[in-house]
Amino acid sequence: MVDDPAGDGGAVDLGQRCAARHYSNDLEIEMDFATTIDPGGFGGFLSVDTDQDRNTGFPRGFGLPGQDIGMEYEFRFFSLSSGVVELFRIATGELVNSYPVTMASNSIRFQAPLADLDDDGAVDVSGVVGSFIGPTDWFPDSLHGTIANTGWLSISPLSRLRSRRAARSTST
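Structure report, in brief. Bear in mind the structure is a predicted one, so any value in this text is a computation, not a measurement.

Here is what the cut-offs are and how they apply
Residues numbered from 1 in each chain as written. Predicted model: local features only at pLDDT ≥ 70, side-chain atom pairs only at ≥ 80, totals over all residues. Heavy atoms only, no water. Helix = DSSP H or I, 4+ residues; strand = E, 2+ residues; numbered from the N terminus. Buried < 20%, exposed > 50% of the residue type's maximum accessible area, 1.4 Å probe, protein only. Phe/Tyr/Trp six-rings, centres within 6.5 Å; stacked < 30°, edge-to-face > 60°. Lys NZ or Arg CZ within 6 Å of the ring centre and 35° of its normal. Pairing = 2+ DSSP bridges.

### Considering unusual backbone geometry
The general pattern is negative phi for most residues beyond glycine and trans for most peptide bonds.
And step 1. Despite not being glycine, glutamine 52 has its phi angle at roughly 55 degrees, a positive value.
And step 2. Checked against the element boundaries, glutamine 52 lands in the loop between β4 (42-49) and β5 (73-76).
And step 3. The partly exposed category is assigned to glutamine 52, whose relative accessible area is 36%.

### Overview of the packing of aromatic side chains
And step 1. For the structure shown, the criterion picks out 6 aromatic pairs.
And step 2. Aromatic side chains phenylalanine 42 and phenylalanine 77 sit 6.4 Å apart centroid to centroid with 65 degrees between the ring planes, which places their arrangement in the edge-to-face category. Taken as a pair, phenylalanine 42 in strand β4 and phenylalanine 77 in the loop between β5 and β6 (84-89) lie far apart in primary sequence, 35 residues in all.
And step 3. For phenylalanine 42, a relative accessible area of 5% gives the class buried.
And step 4. The buried category is assigned to phenylalanine 77, whose relative accessible area is 0%.
And step 5. Here the aromatic cluster, defined as three or more aromatic residues joined through ring pairs, consists of Phe33, Phe42, Phe75, Phe77, Tyr99 and Phe110.
And step 6. Over the ring of phenylalanine 88 we find arginine 76, and its NZ or CZ is 4.0 Å from the ring centre.

### Points about the pairing of strand β9 (residues 123-131)
And step 1. Across the 9 residues that make up β9, a large majority, 9, are buried.
And step 2. Where burial is concerned, the two faces of β9 agree: the one with Val123, Val125, Gly127, Val129 and Ser131 and the one with Asp124, Ser126, Val128 and Gly130 are both buried.
And step 3. Relative to β9, β4 is paired through 8 bridges, and the arrangement is antiparallel. From the neighbouring strand, glycine 44 faces β9, where its bridge partner is valine 129.
And step 4. Here β9 pairs with strand β11 (residues 145-147) via 3 bridges, running antiparallel. Bridging from a neighbouring strand, valine 125 pairs with glycine 145 of β11.

This is how it looks when you write it as structure tokens:
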């Protein structure tokens, strides 16, 4: 998950988070925004460092100086009005594939097969989003986020209660 403070962007502000999980053999990405998404005026990049080595791959073209990944792939968000996001292999400039995107007024969600990334899903990411005028919000503001092979993080009071009961029953 990549945290980003709400209010640090302009017309397009990531708001809270860019979260990801492994779903079967797919990488699923969800981005929540503090602003309303205009699919026709939205653009951006989610850069992916599949080997998690900032010294390999390529530097981000639209990144901040403190963002430190060497990207091998990049999701591009310039076709939301067509209902898709696109994945490009940076070394060749090749379009790997387009994926359907689910949009709400303040979020986008899509998934891509891990095979398209030639990866197991443990990756470093950073990104930028904006409007037709230009970039307005970078995430994270420095370094990178890491997507590990852990799935969505979910905390439920009921599951915590069950865990406590299970711990007590094994200790008696």
